[in-house]
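Close look at the chain arrangement
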Amino acid sequence: MYVSQSTNKFERPFPSFSLISQSSTPIMFAKFQKATDKVWLSVQKRANWNCRAFGRQTTSMTKKSFSPPKIQELYDLCKATFTHSASSPPHPQAVQKLSSLLDTVGPADVGLKEENPDEDRGHGLSGLDQLNRVARLAQPITYLDIFESESFTMCIFCFPTSSVIPLHDHPGMTVFSKILYGSLHLKAYDWVEPALFRESKGPVYFPVRLAKLVADEVLTAPCDTSVLYPKTGGNLHCFTAVTPCAVLDILTPPYREDAGRRSTYYHDYPYAAFANRAEIRDGNEEDYAWLAEIETPHNLYMRPGKYVGPTIQA
């Protein structure tokens, strides 16, 4: 004999069984029904819990899949932080917030793939000294324009090994730099204040100004975002690629010649070439150099490239 019981959600077919006697039938059926009800109640609870868990998981995955690209988050934060009328560096809290976001950006977030150093025909750190800079083989640096406005610029520099961006300045500007991959040698200065000038001795006379060394090191990804300011942090700097590398830069405000923000290039001379020890107030002679303004170096080889990362919704 087959007995069928049903609940609100489930239909449960029970197997047949033999009845021993008429008097025992109600008792046996009641016990059997009670036991099966407990089983099915447990099944319903587990099914409902699984449905709720799956719903939460689906909602979480949906939210994650619709999160904006990091480069879009970066743009949105820059737009909210920088204003065209700003005449001073961003607030320290804003600098920290933007730096923290930049720290999370990798090559894939901007459509780049890390290059293999073995496939690059550069010379690494050989000849990093000043006398060999000009002699090194010039290799093209690729410039990728991501976004530019009157308030800020977002761009990427892709360096082959041994390529160089000579010593230059960022007048009145704050610059955020994030190394996306590879290793880069950085040498940076800040002007000594009050300004100290000298003139060269020899057949050609030219003025030089005293600057203090801020950094002389190799930076390798992954590393923290570096920030320079109009008067501190290494506003005058040069780069030499130790390996193939890429740097994401955010400049605020951007270069603009009619506003007095044009890039000037310099040549650095040892402190002892123009001065005596009496003018050293902090540190050693090795911590200082005399900078002379020069024309744009003829061996600066830079070419435009196409940004292929996520499109920014401006």
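Remember, predicted model here, so these are calculated numbers, not experimental data. (Residues numbered from 1 in each chain as written. Predicted model: local features only at pLDDT ≥ 70, side-chain atom pairs only at ≥ 80, totals over all residues. Heavy atoms only, no water.)

**Section: the sheet that holds strand β3 (residues 141-148)**
Sheets are built from strands that pair by backbone hydrogen bonding, the pairs being arranged parallel or antiparallel. Strand order in the open sheet formed by six strands is β10-β6-β12-β4-β3-β15, and the pairing between neighbours is mixed. Bordering the open sheet on either side are β10 (226-228) and β15 (302-305), each of which pairs with just one other strand. Mean inter-strand twist for the sheet, computed between neighbouring axes without regard to direction, equals 25 degrees. This element, helix α3 (residues 92-103), spans β6 (174-181), β10 and β12 (245-252) of the sheet and lies at about 15 degrees to β6. (Pairing = 2+ DSSP bridges. Helix = DSSP H or I, 4+ residues; strand = E, 2+ residues; numbered from the N terminus. Axes fitted to C-alpha atoms, helices over the stretch in contact; angles between N-to-C directions. Contact = heavy atoms within 4.5 Å.)

**Description of the packing of aromatic side chains**
Ring pairs (aromatic) are described by centroid distance and by the angle formed between their planes. Evaluation of the coordinates by the stated rule reveals 13 aromatic pairs. When the ring of Phe 147 is compared with that of Phe 152, the centres are 5.2 Å apart and the planes differ by 35 degrees; the resulting orientation is tilted. Both residues of the pair, Phe 147 and Phe 152, belong to the buried class. Ring plane angle 15 degrees and centroid distance 6.2 Å describe the contact between Tyr 271 and Trp 290, whose orientation is recorded as stacked. Taken together, the positions of Tyr 271 in the loop between β13 (265-270) and β14 (288-294) and Trp 290 in strand β14 put the pair 19 residues apart, joining distant regions of the chain. (Phe/Tyr/Trp six-rings, centres within 6.5 Å; stacked < 30°, edge-to-face > 60°. Buried < 20%, exposed > 50% of the residue type's maximum accessible area, 1.4 Å probe, protein only.)

**Focus: the packing of helix α2 (residues 70-81) against α3**
Close contact between α2 and α3 brings their axes to 10 Å; oriented N to C, the two are set at 170 degrees. Looking at the two axes, α2 sits roughly antiparallel to α3. Counting all contacts with α2, which are made through Glu 73, Leu 74, Leu 77, Cys 78 and Thr 81, the residues of α3 involved are Ala 94, Lys 97, Leu 98, Leu 101 and Leu 102. Grouping the amino acids of the contact of α2 with α3 by side-chain chemistry returns seven nonpolar, one polar and two charged. (Parallel < 35°, antiparallel > 145°, perpendicular 65-115°, else oblique. Nonpolar A, V, L, I, M, F, W, Y, C, P; charged D, E, K, R; others polar.)

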